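Notes for the structure review
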Amino acid sequence: MKVLLRLMPYIRAHIWAFSFGISGLLVARIFEAMIPMYIKMGIDSLTEGKAGFDFTSTVTQQALFYPAIAIVICVILQMLVTIVSRILVRRIGMYAAFDLRNRIYHHLQLQGPGFFQQYSIGDLMARAINDISLVRQVIAGSTRMTSVLIFTAVVGLGFMFSLSLQLTLAVLLPLPIISIVAYRYSKKIYDQSHLVQEGFSDLSTFVQENLNGIRTVQAMAQENEEVERFADVNQQFADRNLELFVTTSMLSALMPTLAAAATIIIIGYGATLVSAGDITLGTFVAFFSYLGLLLWPVREIGPLVTQWQRGASGTARLFEILDHKPEISNHPATDFPKLTGRVEVKDLSYRFENKDKFALKDINFTVEPGETIAILGRVGSGKSTLLRLFVRLLEPTNGQILLDNHPIDGFPLDKLRDQVCLVLQDPFLFADSLGDNIAYDNTDRESDEIWKSADAAALRDTIEDFPEGLKTILGERGVTLSGGQKQRTALARGLVRMSPLLILDDCFSAVDTQTEEHILSGLKRVRQNLTTMLVSHRVSTARHADRIIVLSEGEMVEMGSHTELLEKGGFYADLEKAQSNTSRLLEDLETSDE
Amino acid sequence: MSEAQLEPNKDNNEKSQNEPNNAKLDHSIFDADIHGQSANMVYLARIFSWLSPHKKLATVSVLLVVTASFIAVLLPVLISRVVVDNIIIGEADLLMPDFGLNTLMTWLATITGLDPIIAACILYGLLTLLCHSFYHLHRVTFAKAILHSLRDMRLDLFRHMEYRPSSFYDKVAVGRVMTRITNDVQALFELLMGLGMLVGEFVPFFIALFIMFAIDVKLTMYLLIAIPIFAFITYFFRMATRRVYRMIRNTVSQLNQNLQENLSGMQVVQLSNRERKNLSVYRVINQKNQKHEIEAIYLETGYGAFMDNMVNMALAVILWFGGGAVIQDAISLGSVILFTQFVDMFIRPIRVLGMQYNVLFRAMASAERIFQALDWHEQVREPVKPAKLPERIAGKLEFRHLSFGYEEQDVLHDVSFTINPGEKLAVVGPTGSGKSTLIRLLGRFYDFDNGTIFLDDNDLNSIPSSEVRKRIGVVLQDFHIFSGSILDNIMLGNPSITREKAIDAARLVNADKFIEALPKGYDTLLVERGQNLSQGERQLLAFARVLAADPEILILDEATASIDTETEQVIQQALKQIMQDRTSILIAHRLQTIAEADRVLVLKNGRVKELGTHEELMAHRGVYYTLNQLQFQDISINPAE
Ligand SMILES: Nc1ncnc2c1ncn2[C@@H]1O[C@H](COP(=O)(O)OP(=O)(O)OP(=O)(O)O)[C@@H](O)[C@H]1O
Ligand SMILES: Nc1ncnc2c1ncn2[C@@H]1O[C@H](COP(=O)(O)OP(=O)(O)OP(=O)(O)O)[C@@H](O)[C@H]1O
Ligand SMILES: [Mg+2]
Ligand SMILES: [Mg+2]
């Protein structure tokens, strides 16, 4: 429950509207309370009229007319006040939801890969959708309802006290039990709501992941098994909901049942008092009507507690995300020079959390401006990890990277990423037009620039083949493109930025050799005098580089030019042999053929 | 994208152009504007079809609430008629019905020999207990019936979506489908629970109505006029909110989709410094959503407060008309007083109905979306009379005059070739030439009309797609790694794969090395999309997964693209044995990957350019020859012209 205090700023921001709204609702209740008074007045005057007046007399008419009009006025006033105050309060809930959505969106943008490994997208979506709406309900609904109920109960109690102190105290006897039960249950409800909300997250996560991998599921003909797995998650969610529901329903039943004790006390004790002459019959009857004022809130305790607790658990889930400190700290330094592209890597090590092996160990090298460096290594040797350190998607465990002799963690993140461009190994495209995907960093780019980078990425022909050219809308994640087309689009997106340091993580794996040659020559053309680092598995790619770095199990085992490394006779030389072995074999076949 | 959409106050008219990027994907056929016009009754009826297996429970539940509501009516009667009128005042007003409570109390008092007041107390306690027990039982049974029917509905919906073909998911964003399965079904819960309570509310209504008619028909009729008025106002409200609710729904789904896509591509967003811009796009949608939500608040509050308060007008009506009738001696004053007491019972359901209406409308919008999803019937054609495949197929594949295009683009043109049983065919060709498309057709992911594919002389279209996919194992070019353990990812829920078999498959692709180096080995948990592995490691898993399923025909679509040569050579050694006598298709850009193939097919621009053995094609000096030259040429040839 304490977590709900974190929502206070949202109420405080509109404190006047909130106070007006709540007081308005109380005023509306006063208007409502006046209506029975006028009915009584009308009925009283009817009784008098019957006793003595002429039935058609205007006096009687007026005796009827005034109360009736008064009721109408009360109703209208009550309605207007209610409308205004409800709107005032409900709007605050909406404003809070609006703000929380933006806030969480922004906060998620600050998070690094570690965070996204911890929280799945389905879970985050469930929080952003469901939990925010629970919070909205608490701010706009529960506060309002609670104030009204408290007010009603207080008014009821006030009247009762004024009528009879003894009877009121007697009526209050069951109150401690009611509070204890409500408190006990509210804790249980909180825990169970949490489970329900987590169940919903599980459900979302499952659906979202399954649909993302639908092609794989279908290709393996595992639809049925997936449906069965879903049935489990679904069942669990239903079960948890039912559990929560049984608890809340039980509370809703217990509250009025316990409160009935109060009624019984009035009946029993009150009747005794009446016969003893301690209170009048009128007081006794009136007591019942005021008891109604007290019982209504008690009956609503159940649903209300549920609402509050669900809101509290939603709030806790939201703030769990909002309190998550970004892994990467940002230093908003003042001036940031245009980089020349000189890179120095010093004693760089990286170890993933919950792994004991280092993914990178003591890497040292320097790159001069304008150089092209190729990085080779087996699967899982740490190439991508190394590259991600350059754009601070990861923070080194040890050592540092210097750009133009400045350590990169001294740069503001956006400036750094502006000048150091990493094209990821797994090309991600947005469900947007091809052109907007290429010019993703800056939508104002001229189409000249886009075409230029498309040329360099050997994408021009492909784009021209599409009926809508650059305007072609892609499927989610670019599913409507071929593997190579996707990869080249992602490449073009990196090339278009002309950053002083371009890093390509295995960006030619899905293109054919001819296209690759095209791209490599394009790269040479557009990136003259700019530093480029690229990862590849192919010697045919690496040999274009000025220098080649070989990683093995996170360690740098070789560095040098193509010829140097061939002469040295290590991993690279073996690789060259292996890759050309086949070709030599093929060539042999070829010659033997001719 | 224009800058305009960054300005929140600029409400765009040219929708198609200015809609934020995420809205573009859904083609209109799949999200035809929901007007909320179609009869809600139809939706309700459809919702009830899921409820029908739980009919008994629901019926019991409704009976319970009716009983409970009846007892709830008795409680105040007990106090006013029995305690006050009978016991304390000692005179019973004959006009007021007491539902036999006085008799009951007297009977109780005589058989127990207790004071009447104590008997009344006991009666009150018992009735309360009974009433709330029944309410509780009602709620629990009803919730159970509804939760279970919604569970079934959600499962049906999921199953339905699970079987939609790729062509469908090319067009529809996952986020949209997802929120239908999760949030929209959830929204129905509230609706249906509300309806259950509503049934209970009508009990006092009818009791009150009955008594009121008994007392005075004319006055009751005056009050009943309220109903058409309310109906009219409700109709009006519905008209007014229809557009708003639609806008809310649209903006909400845009918000969700935008969020989802941004979360999926967060690294790209961050590396492109697009955070600020994307946030502002999101803000704009959020702003729009807020605008419509606030409109909805105005309308709902106005309507709700109207329904809520106007019912009190009934009191004025009673006083005015009833009072007039009293003056003319048409009815007794007592009747008027009674009326004012019963009117609350009469009014309550209308009030509750008014409150429920918002829920009802919003939930109807959800129902509409659910049914819309269920009515997306796009699917690959399944044979009416499926051909029966033998236990073990020979594995001959024949493509005959196959032409195919996605929506707007022709991809394959008159492709014809045959793969003999046990043959290994390599398919090479420039990117985008249609290699993966060929495989997708073979896996029956898309329907094709021009040309035929034969599997062992059976027309592929006469074999159910699931059967085809069980026989043909494809290592997809864009495979997906699920969260869960490494082992789960290899077995993929297939019960016929044992742990040993899965580990064997991992060994075959040389994935055992990295897996065993992990602290938890095969039970290591992977996160969404396998983000805690390297790309090559992920690919190895996807490869192992197919080998573990032991398909009769094996297809590798760029299965080793992200894998280093050393590992690849190990895999090739292992594959040699696996592919022996197994029809296989190998697609690769790196030619050493296909060195083992029997024949090579060169596909270019969707046409078969060359087909033959390596030697034949090298001699032919065509596309394949050039590719070879390029790949294995010496560094001395400078590619930069
Ligand atoms: N789902 C789709 N919807 C529309 N067009 C598509 C779809 N998938 C592929 N295409 C288009 O069809 C053509 C052939 O694509 P395909 O994936 O078959 O190429 P590919 O030969 O496998 O290329 P790569 O070597 O790059 O993987 C491409 O131009 C591509 O843009
Ligand atoms: N998020 C992560 N959490 C834990 N371990 C990780 C994570 N990402 C990568 N690893 C591990 O770190 C090692 C290096 O991974 P990295 O992605 O750098 O390899 P790589 O050289 O790029 O391989 P590939 O050629 O397959 O892309 C691998 O063993 C991988 O399993
Ligand atoms: Mg990598
Ligand atoms: Mg392909």
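Residues numbered from 1 in each chain as written. Chains lettered and ligands numbered in written order. Predicted model: local features only at pLDDT ≥ 70, side-chain atom pairs only at ≥ 80, totals over all residues. Heavy atoms only, no water.

Overview of the overall build of chain B
Filter applied, for reference: For the purposes of this entry, the term helix denotes a DSSP run of H or I that reaches at least four residues, the term strand denotes a run of E that reaches at least two, and both are numbered from the N terminus. Here the globule rule reads 2.2 Å times residues to the power 0.38, and the radius of gyration is calculated from C-alpha atoms. When accessible area is computed with a 1.4 Å probe and restricted to protein chains, residues below 20% of their type maximum are described as buried, those above 50% as exposed, and intermediate ones as partly exposed. The contact rule is simple, with two residues in contact once any of their heavy atoms fall within 4.5 Å. Method for areas: the Shrake-Rupley scheme with a 1.4 Å probe, in which residue coverage is limited to the protein chains shown.
Looking only at helices and strands, chain B features 22 helices and twelve strands. Relative to the 2.2 N^0.38 estimate, which gives 26 Å for 641 residues, the radius of gyration of chain B is 36 Å and therefore markedly larger than a compact globule would have. Taking all 641 residues of chain B together, the buried fraction comes to 61%. Counting contacts in chain B only where the partners sit at least 6 residues apart, residues at least 24 apart contribute 76% of the total. Total accessible area on chain B stands at roughly 25,300 Å², and carbon and sulfur atoms take up 57% of it.

Describing the coordination of the magnesium ion (ligand 3)
All names here are of chain A. To keep things clear, this is the line we draw: Because water is not among the atoms used, a metal site may look incomplete, as its donors are only the N, O and S atoms within 2.8 Å, or 3.2 Å for Na, K and Ca.
Coordination of the magnesium ion (ligand 3) by the protein involves Ser-384 (OG) and Gln-425 (OE1), with metal-donor separations of 1.9 to 2.2 Å. Residue Ser-384 is located in helix 11 (residues 383–390), and its partner Gln-425 is located in the loop between strand 6 (420–423) and helix 13 (434–438); the two are separated by 41 residues in the primary sequence. There is no split in this pair, since Ser-384 and Gln-425 are both buried.

Let's talk about the site of ligand 2
The following threshold applies: Distances are taken per atom, and a residue is near a molecule or strand as soon as one of its heavy atoms is within 4 Å of it. Polar contact is defined as a pair of N or O atoms within 3.5 Å, subject to the rule that within protein one atom must be able to donate a hydrogen and the other to accept it, and that residues adjacent in sequence are counted only when both atoms are side-chain atoms. Side-chain classes follow a simple rule in which Ala, Val, Leu, Ile, Met, Phe, Trp, Tyr, Cys and Pro form the nonpolar group, Asp, Glu, Lys and Arg form the charged group, and the remainder, Gly included, forms the polar group.
Ligand 2 sits among 21 residues. The nearest are Ser-384 and Thr-385 of chain A together with Ser-534, Gly-536 and Glu-537 of chain B. At ligand 2, the nearby residues belong to more than one chain, namely chains A and B. Contact distances for ligand 2 include 3.5 Å between an oxygen atom and a side-chain N or O atom of His-537 of chain A. Look at ligand 2: alone it shows 640 Å² of surface, and the protein chains cover 93% of it. Of all the elements, helix 11 of chain A adds the most residues to the shell around ligand 2, at four residues. Along the lines of polarity and charge, the residues of the shell around ligand 2 split into three nonpolar, 13 polar and five charged.

So, the side chain of Ser-584 of chain B
Residues and elements named next belong to chain B. Here Ser-584 is to be found in strand 10 (residues 584–587). Of the polar contacts made by the side chain of Ser-584, one reaches the backbone oxygen of Arg-582; its length is 2.9 Å. With near-sequence residues (within four places) excluded, Ser-584 lies in contact with Glu-423, Lys-424, Leu-425, Leu-554 and Met-579.

Looking at empty space enclosed by the protein
The condition is simple: Cavity means a closed set of points on a 1 Å grid over the protein atoms alone, one where a 1.4 Å probe fits but cannot get out, pocket means an open set with protein on both sides within 12 Å along at least 5 of 7 lines, and lining means a residue has an atom within 4 Å of a point. Grid points are joined across faces, edges and corners, and a volume is the space filled by probe spheres set on the points.
Counted under the stated rule, the structure contains 17 cavities of 30 Å³ or more. Each pocket or cavity is described by its volume, and for the largest cavity that value is around 730 Å³. In terms of lining, the largest cavity is formed by 36 residues, of which the most central are Asp-426 and Lys-486 of chain A together with Gln-477, Asp-478 and Phe-479 of chain B. Classifying every residue of the lining of the largest cavity by side-chain character gives twelve nonpolar, 13 polar and eleven charged. Within this model, the second largest cavity holds a volume of roughly 190 Å³. Looking at the second largest cavity, it is lined by 21 residues, and the ones nearest its centre are Leu-556, Thr-560, Glu-568, Gln-572 and Thr-593 of chain B. Of all elements in the fold, only helix 20 (565–579) and strand 10 of chain B reach the threshold of two or more residues within the lining of the second largest cavity. For the lining of the second largest cavity, the element with the most residues is helix 20 of chain B, which contributes six residues.

As for the site of ligand 1
Taken together, 23 residues form the shell around ligand 1, and within it Ser-482, Gly-484 and Gln-485 of chain A together with Ser-436 and Thr-437 of chain B come nearest. With respect to ligand 1, its neighbouring residues span chains A and B. The separation between a nitrogen atom of ligand 1 and a polar side-chain atom of Tyr-406 of chain B is 3.4 Å. At 2.9 Å, a side-chain N or O of Gln-477 of chain B approaches an oxygen atom of ligand 1. Where the shell around ligand 1 is concerned, the elements lending two or more residues are helix 16 (483–495) of chain A together with helix 14 (435–442) of chain B. In terms of residues, the shell around ligand 1 owes the most to one element, helix 14 of chain B, which gives four residues. When grouped by side-chain class, the residues that make up the shell around ligand 1 number six nonpolar, 14 polar and three charged.

With respect to the coordination of the magnesium ion (ligand 4)
Residue and element names in this part refer to chain B. Around the magnesium ion (ligand 4), the donor atoms from the protein are Ser-436 (OG) and Gln-477 (OE1), and they sit 1.9 to 2.1 Å away. Of this pair, Ser-436 sits in helix 14 while Gln-477 sits in the loop between strand 6 (472–475) and strand 7 (484–485), and the two are 41 residues apart along the sequence. For Ser-436, a relative accessible area of 11% translates into the label buried.

A few points about helix 19 (residues 535–549) of chain B
Note the threshold: Given the number of residues in a helix, its expected span is that number minus one, multiplied by 1.5 Å.
Along its 15 residues, helix 19 of chain B runs 22 Å from first to last C-alpha, staying within 8% of the 21 Å computed at 1.5 Å per residue. Of the residues flanking the end of helix 19 of chain B, it is Asp-550 of chain B, one or two places downstream, whose phi is positive at about 50 degrees.

Side note on the side chain of Asn-289 of chain B
The residue Asn-289 of chain B is located in helix 11 (residues 275–310) in this model. Using a relative accessible area of 0% as the deciding quantity, one classes Asn-289 of chain B as buried. Residues contacting Asn-289 of chain B, with those up to four places away along its chain left out, are Met-94 and Arg-101 of chain A together with Ile-248, Thr-251, Val-252 and Leu-255 of chain B.

Some points on the pattern of salt bridges
Our working rule: Whenever Lys or Arg places a side-chain nitrogen within 4 Å of a carboxyl oxygen from Asp or Glu, that contact is recorded as a salt bridge.
Counting across every chain of the model gives 46 salt bridges over all chains. Where Arg-317 of chain A meets Asp-131 of chain A, a salt bridge forms, and the shortest distance between an N and an O atom there is 2.6 Å. Of this pair, Arg-317 of chain A sits in helix 10 (residues 281–322) while Asp-131 of chain A sits in helix 5 (residues 121–163), and the two are 186 residues apart along the sequence. Pair check on accessibility: Arg-317 of chain A and Asp-131 of chain A agree, each one buried. Note that Arg-46 of chain B and Asp-375 of chain B form a salt bridge whose closest N and O atoms lie 3.1 Å from each other. Taken together, the residues span a long stretch of sequence, with Arg-46 of chain B in helix 2 (residues 40–51) and Asp-375 of chain B in the loop between helix 13 (333–374) and strand 1 (397–405) at a distance of 329 residues. Judged by its relative accessible area of 41%, Asp-375 of chain B is partly exposed. Each of Asp-123, Arg-127, Asp-131, Arg-317 and Glu-320 of chain A takes part in a single network of salt bridges with overlapping partners.

A word on the pairing of strand 12 (residues 607–612) of chain B
Residue and element names in this part refer to chain B. Note the cut-off: For two strands to be treated as a pair, DSSP must find at least two bridges joining them.
Two elements, strand 11 (residues 599–604) and strand 12, share five bridges in a ladder whose sense is antiparallel. Counted as the bridge partner of Lys-604 is Arg-607 from strand 12. Connecting strand 11 to the antiparallel partner strand 12 that follows it, the hairpin turn spans two residues, and Asn-605 within it adopts a positive phi of roughly 50 degrees.

Regarding the confidence of the model for chain B
Residue and element names in this part refer to chain B. This is how it is decided: Scored from 0 to 100, pLDDT records how confident the predictor is in each individual residue.
With 91% of its residues at a pLDDT of 70 or more, chain B has an overall mean of 83. Contacts of residues 1–38 to residues separated by more than four positions or lying in other chains number 84 contacts, the stretch itself having pLDDT below 50. Scored below 50 in pLDDT, residues 634–641 shows ten contacts in the model against residues more than four places distant or in partner chains. Among the prediction metrics, the complex's ipTM stands at 0.89, with pTM recorded as 0.89.

As for the packing of helix 9 (residues 223–276) of chain A against helix 7 (residues 174–215) of chain B
Geometrically, a packed helix pair is captured by the angle between its two axes and the distance between the axes. Put simply, the rule reads: To get an axis, a line is fitted to the C-alpha atoms, and for a helix only the part in contact is used. The angle between two axes follows their N-to-C directions and goes from 0 to 180 degrees. Crossings are assigned a handedness: left-handed for a near helix turned anticlockwise from the far helix by less than a right angle, right-handed for a clockwise turn.
At a minimum axis separation of 14 Å, helix 9 of chain A and helix 7 of chain B run at an interaxial angle of 35 degrees. In this structure, the crossing between helix 9 of chain A and helix 7 of chain B has a hand that is right-handed. Along the contact surface, helix 9 of chain A presents Phe-230, Phe-237, Asn-241 and Phe-245 of chain A, while helix 7 of chain B presents Ile-181, Gln-186, Phe-189 and Met-193 of chain B.

A few points about the environment of Phe-417 of chain B
All names here are of chain B. Assignment of secondary structure puts Phe-417 in strand 2 (residues 410–419). Given a relative accessible area of 5%, Phe-417 falls into the buried group. With 66 residues separating them along the chain, Phe-417 and Ser-483 place their C-alpha atoms 39 Å apart. Sequence-distant contacts of Phe-417, defined by excluding residues within four places in its chain, comprise Leu-397, Glu-398, Phe-399, Leu-425, Leu-438, Leu-601 and Leu-611.

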